[in-house]
Amino acid sequence: MDETQFNPLAEQELDRIERAFDAVGIDVEVQPGGVLQVEFDDGSQMIINRHSAAREIWVAAKLGGFHFRPDAGQWIGTRDGVELWAALNRLASAQAGETIALVRPA
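The structure contained in this document is the topic of the report that follows. All residue numbers refer to positions counted from 1 along the written sequence of the respective chain. With the structure being a predicted model, the display of local features is reserved for residues of pLDDT at least 70 and the display and counting of side-chain atom pairs for 80 or more, all residues being used for whole-chain, interface and lining totals. Excluded from the side-chain calculations are hydrogens and water; all other atoms, namely the structure's heavy atoms, are used.

Here we look at the sheet that holds strand 4 (residues 56-61)
In a beta sheet, neighbouring strands pair by backbone hydrogen bonds and run either parallel or antiparallel. The cut-off we apply is this: Note on pairing: two strands pair once DSSP finds at least 2 bridges between them. Helix and strand labels come from DSSP, where a helix needs a run of H or I of at least four residues and a strand needs a run of E of at least two; each type is numbered from the N terminus. Think of each axis as a best-fit line through the C-alpha atoms, taken over the contacting stretch in the case of a helix, with angles from 0 to 180 degrees between the N-to-C directions.
Across the sheet, which stays open at both edges, the six strands sit in the order 1-2-3-4-5-6 with antiparallel pairing between neighbours. The two strands at the open ends of the sheet, each matched to only one other strand, are strand 1 (27-31) and strand 6 (74-77). Neighbour-to-neighbour, the strand axes of this sheet turn through a mean angle of 25°, independent of strand direction. The pairing of strand 1 with strand 2 (residues 35-39) spans five bridges and is classified as antiparallel.

As structure tokens, this is what we get:
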């Protein structure tokens, strides 16, 4: 997959992520370059962005940094094979100190 295929796919997924966080009442600011800055009540942040050169979506959270690659319509973790949305729910819940149930918009 080249950048011309990857970038629209990643932008679409980042848009879904932004809408999912908004739906559960967690503030998301979109920074230049499409970087999502998710702010939790305690002031901590999660940063989610695309990395075009690597063809990955990167997530930086309290629990660490994670990379996801597109695979058959999903985004799969490069280290552990966990799907992006499962990881986002786990990471957001850990960061918020309560269960966060993000639903991937269509």
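Some thoughts on a negative patch on the surface
Basically, it comes down to this: Here a patch means residues that are over 30% exposed by relative accessible area and free of salt bridges, tied together within 9 Å if like-charged and within 5 Å if nonpolar (Val, Leu, Ile, Met, Phe, Trp, Tyr). Here the accessible surface of atoms and residues is derived via Shrake-Rupley with a 1.4 Å probe, and residues count as covered only by protein chains that are part of the display. Salt bridges are defined as contacts in which a side-chain nitrogen from Lys or Arg sits within 4 Å of a carboxyl oxygen from Asp or Glu. Note that His is not counted, nor are the chain ends; the positive residues are Lys and Arg, and the negative ones are Asp and Glu. Taken as the charge location is NZ of Lys, CZ of Arg, CG of Asp or CD of Glu.
Residues Asp 22, Asp 27, Glu 29, Glu 39, Asp 41 and Glu 98 make up a contiguous surface patch of negative charge. In this fold, Asp 41 is placed in the loop between strand 2 and strand 3 (45-51).

Some remarks on the environment of Val 35
Note the following rule: When checking whether two residues touch, look at their non-hydrogen atoms; a contact exists if any pair is within 4.5 Å.
Residue position: Val 35 is located in strand 2. When the C-alpha atoms of Val 35 and His 51 are compared, they prove to be 10.0 Å apart, with 16 residues separating the residues in sequence. Those residues in contact with Val 35, other than ones at most four positions away along the chain, are Glu 29, Val 30, Ile 47, Ile 48 and Asn 49.

Quick look at helix 2 (residues 84-96)
Helical geometry note: an α-helix holds 3.6 residues per turn, so side chains three or four residues apart project in the same direction. Definition in use: An expected span of 1.5 Å times one less than the residue number is assigned to each helix. Only protein chains enter the accessibility calculation, which uses a 1.4 Å probe. A residue is then buried if its area is under 20% of the maximum for its type, exposed if over 50%, and partly exposed in between. Within 3.5 Å is the distance limit for a polar contact, defined as a pair of N or O atoms, with the added protein rule that one can donate a hydrogen and the other accept it, and that residues adjacent in sequence qualify only through two side-chain atoms.
For helix 2, spanning 13 residues, the distance from its first C-alpha to its last is 18 Å, which sits close to the expected 18 Å at 1.5 Å a residue. Residues Leu 84, Trp 85, Ala 87, Leu 88, Asn 89, Leu 91, Ala 92, Ser 93 and Gln 95 constitute the buried set of helix 2. Those residues of helix 2 that are buried are in contact with helix 1 (3-23), strand 3, strand 4, strand 5 (64-71) and strand 6. Capping the start of helix 2, Glu 83 holds a side-chain oxygen 2.8 Å from the backbone nitrogen of Trp 85, two or three residues further along.

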